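# Reading the structure
Okay, here's what each chain looks like letter by letter:
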Amino acid sequence: MRAAPTILHLDMDAFFAAAEQAAKPSLRGKPVVVGGLGPRGVVSTASYEARVFGVHSAMPMAQARRLCPNAAYLVPRFALYREVSGQVMELLGRLSPLVEPLSLDEAFVDLEAGGVADGRRSARRAGEQLRRDILAVTGLSGSVGLAGSKMLAKIGSERAKPDGLVLIEPGTERELLAPLSVRILPGVGPATGEHLRRAGMTTVSHLAEAGEDELVRLLGKAHGASLYRMALGHDDRPVVSERDAKSVSVEDTFDVDLHDRVRVRAEVVRLAGRCVERLRDAGRSGRTVVLKVRRYDFSTLTRSETLRGPTDDPEVVREAAGRLLEAVDTTGGVRLLGVGVTGLADFTQEDLFAQAATERAAELEHAAAEEAAPGPAAPPEPSADEPPPGTGHRWLAGHDVRHDEYGAGWVQGSGVGRVTVRFEDPYATVPGRVRTFRVDDPALRPSDPLPLVRAAPTAPTGSDGPCGADGSGGPDGTVVGEEADTGERPGKSGEAVPGGAEPGGQARSSSPASRPKSRSGGGGVGAEIPSP
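These remarks concern the structure in this document. Computed from a predicted model, the values in this text were never measured in an experiment.

Before going further, it helps to spend a moment on the packing of aromatic side chains. Aromatic rings considered in pairs are described by the distance between their centres and by the relative angle of their planes. Under the definition given, this model contains eight aromatic pairs. Seen in terms of ring centroids, Phe 16 and Phe 78 are 5.7 Å apart; in terms of plane orientation they differ by 85 degrees. Their pairing is edge-to-face. In this pair, Phe 16 is assigned in helix α1 (residues 15-23) and Phe 78 in helix α4 (residues 78-95), connecting sequence segments 62 residues apart. Residue class for Phe 16 comes out buried when judged on its relative accessible area of 2%. Accessibility expressed as a relative area gives 19% for Phe 78, which makes it buried. Ring centres 6.1 Å apart and planes at 50 degrees place the aromatic pair Tyr 406 and Phe 437 in the tilted group. Taken together, the residues Tyr 406 in the loop between β13 (400-403) and β14 (407-415) and Phe 437 in strand β16 (residues 433-438) connect sequence positions 31 residues apart. The positively charged end of Lys 24 is found above the aromatic ring belonging to Trp 410, 5.2 Å away from the centroid.

The tendency in soluble globular proteins is for nonpolar side chains to be buried as a group. Among the nonpolar cores identified, the biggest contains 40 residues, and Leu 111 and Leu 140 are the most heavily contacted of them. Per element, the largest residue contribution to this core is nine residues, and it comes from α4. Apart from residues lying up to four places away in sequence, Leu 111 is in contact with Thr 6, Leu 8, Leu 95, Val 116, Ala 117, Ala 123, Ala 126 and Leu 146.

Next up on the list: the sheet that holds β14. Taken together, five strands build an open sheet; the order of strands is β16-β15-β14-β13-β17 and the sheet is antiparallel. At either end of the open sheet lies a strand with only one pairing partner, and these are β16 and β17 (444-446). When strand polarity is set aside, the average angle formed by the axes of neighbouring strands in this sheet is 40 degrees. Here β13 pairs with β14 via four bridges, running antiparallel. Its bridge partner being in β14, Arg 402 is matched across the sheet by Ala 408.

Once that is clear, we can look at the packing of helix α13 (residues 261-281) against helix α14 (residues 314-326). Helix-helix packing is characterised by the crossing angle of the two axes and by the distance between the axes. Between α13 and α14, the least distance of the axes is 9 Å, while the angle of their chain directions is 140 degrees. In terms of axis orientation, α13 runs oblique to α14. Seen from above, α13 lies across α14 with right-handed handedness. For the pair formed by α13 and α14, the contact residues are Arg 261, Val 264, Arg 265, Val 268, Val 269, Ala 272, Gly 273, Val 276 and Arg 280 on the first element and Pro 314, Val 317, Arg 318, Ala 321, Gly 322, Leu 325 and Glu 326 on the second. A breakdown of the residues in the contact of α13 with α14 according to their chemical character gives nine nonpolar, two polar and five charged.

Among the six residues in strand β1 (residues 7-12), six count as buried, and that is most of the element. Residue alternation in β1 divides its side chains into two sets, Ile 7, His 9 and Asp 11 and Leu 8, Leu 10 and Met 12, and both sets are buried. In this sheet, strand β6 (residues 106-110) lies alongside β1 in antiparallel orientation, the contact comprising five bridges. The partner of His 9 across the bridge, within β6, is Phe 108.

As summarised here, the arrangement of the three strands in space is β3-β2-β4, forming an open sheet in which the pairing is mixed. Since the sheet does not close on itself, it has two edges, and those belong to β3 (43-46) and β4 (72-74), each with one partner. Neighbour-to-neighbour, the strand axes of the sheet open up by a mean angle of 25 degrees, direction not taken into account. Here strand β2 (residues 32-35) pairs with β4 via three bridges, running parallel. Bridge pairing links Val 34 to Leu 74 in β4. In the packing of α1 onto the sheet, contacts are made with β2, β3 and β4, and the angle to β2 comes to roughly 120 degrees.

Parameters at a glance
- Within each chain, residues carry numbers counting from 1 in the order of the written sequence.
- Totals for whole chains, interfaces and linings use every residue, but because this is a predicted model, local features are given only for residues with pLDDT of at least 70 and side-chain atom pairs only at 80 or more, for both listing and counting.
- The side-chain values count all of the structure's non-hydrogen atoms but skip hydrogen atoms and water molecules.
- Paired rings are identified among Phe, Tyr and Trp, the last through its six-membered ring, by centres lying within 6.5 Å, and are further divided according to the angle between planes into stacked (under 30 degrees), edge-to-face (over 60) and tilted (the rest).
- Counting from the N terminus, the helices are DSSP H or I runs at least four residues long and the strands are E runs at least two residues long.
- For the exposure calls, accessible area comes from a 1.4 Å probe over protein chains only, and a residue counts as buried if that area is under 20% of its type's maximum, exposed if over 50%, partly exposed in between.
- By definition here, charges over rings are those cases where NZ of Lys or CZ of Arg is within 6 Å of the ring centre and within 35 degrees of the ring normal.
- For our purposes a nonpolar core is just a set of buried Ala, Val, Leu, Ile, Met, Phe, Trp, Tyr and Cys residues, chained together by side-chain atoms within 4.5 Å.
- We call two residues contacting when some pair of their heavy atoms lies within 4.5 Å.
- Strand pairing is assigned whenever DSSP identifies at least 2 bridges connecting the two strands.
- Here the axes come from fitting lines to C-alpha atoms, over the contacting stretch only for helices, and the angles between their N-to-C directions go from 0 to 180 degrees.
- If an angle is under 35 degrees, it is roughly parallel; if it is over 145, roughly antiparallel; if it lies from 65 to 115, roughly perpendicular; otherwise it is oblique.
- Each helix crossing is assigned a hand: it is left-handed if the near helix lies turned anticlockwise from the far helix by less than a right angle, otherwise right-handed if that turn is clockwise.
- Under the convention adopted here, Pro, Cys and the residues Ala, Val, Leu, Ile, Met, Phe, Trp and Tyr are nonpolar, Asp, Glu, Lys and Arg are charged, and Gly plus all remaining residues are polar.

Pasting the structure below:
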């Protein structure tokens, strides 16, 4: 616990939804919900305009639609979010070498380690300047908490939302924490919270009054002692710039339960391949392969197999996952599948007995295809990876497109052979026009996201960047006062958003292993921008 509030916690405001509003002038100031759009989809992020209606992260998308039917419902664009997150993390890295990212939109920073703050005034100045720089570089707002510990800095950023800064003075911790719910403390999830509630402890003050011995009796020595210290405001956890991942995994939730055993196996093979791609991207290997199966009745089974040594060979992981699947009863249907690798290492060791040859995998796939071929078969179950007939693309609501004549735009909806596009870019001040095309129009194609802030002209040599000559000024070089608050949000101009095409299909969503705070499941293409 530090005597000065030099630990900073940054949390971007409604990150995914705010990025979509910044990219789409017609949605600024309007309810926006980002997540999986299928019948089993889950809200990933809701804009503050949507939260007024009760929509929040992790809520089933069907419930969100009932609460806020006139919101814009969009499929996540992770390429854009990662790009903006990289810009934000770069700004944090300029403050200190100790930056601990928690997700794409959240991180701790040790200001003292970077030499930019050693007391209350300098810490506040650094926090305000960070908010200015984030707005200038990304066009988005973030909330900042400053305190002497990570726990209190995170509480501060929550209290600062949206678009604010809260500094918690050292010495006021117990008074601040006392009335708050026990769920505010790290390590207290739903199960622990319910256990404490049954014991009559619902606020942090109840934990402090109960004493360490009682908490140890209820929760065990390690958890009970740690929770008691946090209830008193003590948190000595350091900001760690690098945290080793314990596992790499990929899972998919399907809109329609899978009943065909051959299809289930094919999905496991596909997921194993994606898992190994992530494993290799991280420069890691793993020794234990894990299979997760959630059945039609929501029962979840997990099976694992430990190999003779670490591997990043896709055939080894696919074969191990296939063996694990053989031991699982999928009768009745499967709603979710996942493949993961644990026991991570920085090297690989060839397994002479488990290593599978490419030819063997090809033989198995061929045999599976022959098994499914004989006799009149039912139509294959829809796949999210397959585009609508007659086109090489899937037009997902909210995703970027470019037309040879009309330029950049984004998909409002698609279905019945048509795709509706609004042509506008992040730099416009008024909503763009809407046009509808055939899904196979050769002039229309998917496009990469545009930057949220137009790149500034190259500055002459010797000029100052966003932080001013000494790093303490604002975008115009002025010094940020201790009480300054200039974190303006982007403009709110816009008009009512007209409806798109009728829904044309539903798809499957993917749950990446590394995901920001909330999940999104399901998927789909459809008229996701309702008429006002």
